[in-house]
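Working through the structure, step by step
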Amino acid sequence: MSEVGRRSFLAGAGAAAVGVAATGTLGGTAVARESEAGVSLPATTVRPGDSRYVDMVRGTNPRWIGTPEAVHVVSSTAQVVAAVQEAVTAGKQIGVRSGGHCYEDFVYSGKQVVLDLSELDGIGYDPAVNAISVGAGANLFQVYEALYRVWGVIIPGGSCGTVGAGGHITGGGYGLSSRQFGLTVDYLYGVEVVVVDASGRARAVIATREADDPNRDLWWAHTGGGGGNFGVVTRFLLKSRTATGTDPATFLPKPPSEIFISSVALDWKDITEADFTRVVDNFGKWHELNSAPGSPYAGLFGLLKLNKRTVDPVTKAVGGQVALLTQADATAPNARKLLDDYLAAVFDGVQARRTAMTARSGDHPALPQFAEPQRLPWLNGTYALSGGGWEFRADYKSAYLRKGHTAEQIAATYRALATTEYNNPNALVQIDSYGCQINAVGSADTAVPQRDSVLKLQYQVYWKDPAEEAQHLHWFRTFYSSVYASTGGVPVPNAVTDGCYVNYPDIDLSDPTFNKSGVPWSTLYYKGNYARLRQVKAKYDPRNVFRHRQSVES
């Protein structure tokens, strides 16, 4: 065995400890990690009063600060089984943290015990199941680096490197390579999960997609059913459906050796409503035409960032930009022409002058160096588009689009972003490319039902002063509701919209004050797959041990 950075690189199944009967206590160091090349990390419990506590009861969003009785830092399946058993026996409610990026307060709110999986980050090949094994606590950049540097393969995950695999994959994570390769769950061969049976006994099981696997429905539930619903995932087993043999270098897709990165923008001081409407409409129509599986544009992924217009209260200068970030496969036939044609189509008929992106936009840094497309190695380019931060309070909402925006939706978006009554530069809606290989999978084949959308939207607002929360949320909720006013304030599945993304959880979807559609939050996330998810919940979590305010109902 060898070490890859701070991760334990597994050489075999022995480190997984599947089905172990864990004993010992979590309060001390009695439960130790299985030996990995002589490396052993003890289970650690952090309680109030410990200097580490304040760092371990919050995630990326400082709105959500927990007060659990204990945070168990676990680094093996055996330790997870022991921690879950201890909490269940004591009647404590359990929260689970992987990377700390949950957008709502589902991890800490009301939880007496939190399991911190950050040290459960082993990555390697497991010959017992002939698949690549990834610990649920590994973050995305750990996963990308290990898979790419060792085997030259990737999973098509997100661009924020500190997101944990645990939540990202279970929710059907996507990213800049997804149009080319699909969703992360399209490569999920199996999961190792600690579940609790009706008698209250915690145990670890492996569930795979094999047709004769008695736990196959538990595997299916983790292909988009979201985190915190069925048990504690300790590791993911990755392998494409077409993989054969025993060479991990053939199990997952290989990214292009080089990619183009492009970053162009329009300054709000130059943008008319006609320009804004044209850009958004062009972007939507382009994706309607170029998002089928097998499209020559499958290797191109765009992020149209509609940032809030601002006005300086003293100088009256107009600030803000509408920015378009693009990653494209530079090795595809006619790659540069495809990129140039796409940029021309998006900005066709727009009078405002194109310029460089000059300010941070949401979770992404400013990238003025890419005003002229640059050709970069894949890993270097992936780092260039990475984002994420821990300093802002925030709220988020989402939508899938089967077609480009309607005229009414574009007009509502323009009014919200152009208004001078709300002057926050850290507010935007990001419209992401979708479709192509994502849509080559059936809506019931995985728990992710949105398999014919061409765009995915993330609404974002950020602020620092806790006293300003009400004003930011008021604008944000009004904005979102106005865009989907014709369907009760939310993107109800229909010919244009197709619900919401479970990895961008939004508690307002459960509130009839904001969701006036009569369509429940569960339908917005899961559509027709929800009934099956409830059956899995009843089978594997009959005591409803794993729950939060929008967990799958038993």
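What counts, and where the lines are drawn
Residues numbered from 1 in each chain as written. Predicted model: local features only at pLDDT ≥ 70, side-chain atom pairs only at ≥ 80, totals over all residues. Heavy atoms only, no water. UniProt positions renumbered as here; feature names shortened; annotations may be inferred. Pairing = 2+ DSSP bridges. Helix = DSSP H or I, 4+ residues; strand = E, 2+ residues; numbered from the N terminus. Axes fitted to C-alpha atoms, helices over the stretch in contact; angles between N-to-C directions. Buried < 20%, exposed > 50% of the residue type's maximum accessible area, 1.4 Å probe, protein only. Contact = heavy atoms within 4.5 Å. 1 Å grid on protein atoms, 1.4 Å probe; cavity = no way out; pocket = protein on both sides within 12 Å on 5 of 7 lines; lining within 4 Å. Points joined across faces, edges and corners; volume = space filled by probe spheres on them. Nonpolar A, V, L, I, M, F, W, Y, C, P; charged D, E, K, R; others polar. Parallel < 35°, antiparallel > 145°, perpendicular 65-115°, else oblique.

- An unreviewed UniProt entry lists the protein chain under the name Berberine and berberine like, with Kibdelosporangium persicum as the source organism.
- Of the protein chain, the UniProt comment under Cofactor (unreviewed entry) reads exactly: "FAD".
- Its UniProt record gives the protein chain a comment under Sequence similarities (unreviewed entry), which states: "Belongs to the oxygen-dependent FAD-linked oxidoreductase family."

1. Considerations on the sheet that holds strand β5 (residues 94-97)
- Judged by pairing direction, the sheet is mixed, and its four strands sit side by side in the order β3-β4-β6-β5 without closing on themselves. Only two strands of the sheet have a single partner each, and these edge strands are β3 (44-46) and β5. Looking at each pair of strands side by side, their axes are set apart by 25 degrees on average, direction ignored.
- As paired strands, β5 and strand β6 (residues 113-116) are joined by four bridges and run parallel to one another. Paired with I94 across the strands is V113, a residue of β6.

2. Topic: the environment of V74
- Here V74 shows up in the loop between β4 (70-73) and α1 (77-90).
- Among the residues examined, V74 registers a relative accessible area of 0% and is labelled buried.
- The sequence separation of V74 and R393 amounts to 319 residues, and the corresponding C-alpha distance is 28 Å.

3. Some details on the sheet that holds strand β8 (residues 131-135)
- Across the sheet, which stays open at both edges, the five strands sit in the order β7-β8-β11-β9-β10 with antiparallel pairing between neighbours. The open sheet has two free edges, formed respectively by β7 (123-126) and β10 (202-208), since each of these has just one partner strand. Within the sheet, the average angular offset between the axes of one strand and its neighbour, ignoring direction, is 25 degrees.
- In this sheet, β10 lies alongside strand β9 (residues 188-196) in antiparallel orientation, the contact comprising seven bridges. Residue pairing for β10: V193 is matched across the bridge by V205.
- Packing of α1 onto the sheet brings it into contact with β9, β10 and β11 (232-238), and relative to β9 it is tilted by some 35 degrees.
- The strands touched by helix α2 (residues 140-151) within the sheet are β7 and β8, with β7 carrying the most contacts at an inclination of about 55 degrees.

4. Some points on the side chain of S453
- Of note, S453 is situated in the loop between β20 (427-433) and β21 (455-463).
- If near-sequence neighbours (up to four positions away) are discounted, S453 is found in contact with Y400, L401, R402, Y434, G435, N439 and D498.

5. Structural notes on the UniProt feature "domain: FAD-binding PCMH-type" (unreviewed entry) in the protein chain
- Following the UniProt record, the feature "domain: FAD-binding PCMH-type" (unreviewed entry) maps to residues 64-243 here.
- A distance of 41 Å separates the end C-alpha atoms of residues 64-243, which is 23% helix and 24% strand.

6. Thoughts on the layout of surface pockets
- As a volume, the largest pocket reaches approximately 240 Å³.
- Considered class by class, the residues forming the lining of the largest pocket number three nonpolar, six polar and three charged.

7. Notes on the packing of helix α6 (residues 273-289) against helix α7 (residues 335-346)
- Packing of α6 against α7 brings their axes to within 8 Å, and their N-to-C directions diverge by 135 degrees. Our classification of the angle between α6 and α7 gives oblique. Residues R278, V279, N282, F283 and W286 of α6 pack against Y342, A345 and V346 of α7.
- Each residue belonging to the contact of α6 with α7 can be placed in one class, and the counts come to six nonpolar, one polar and one charged.

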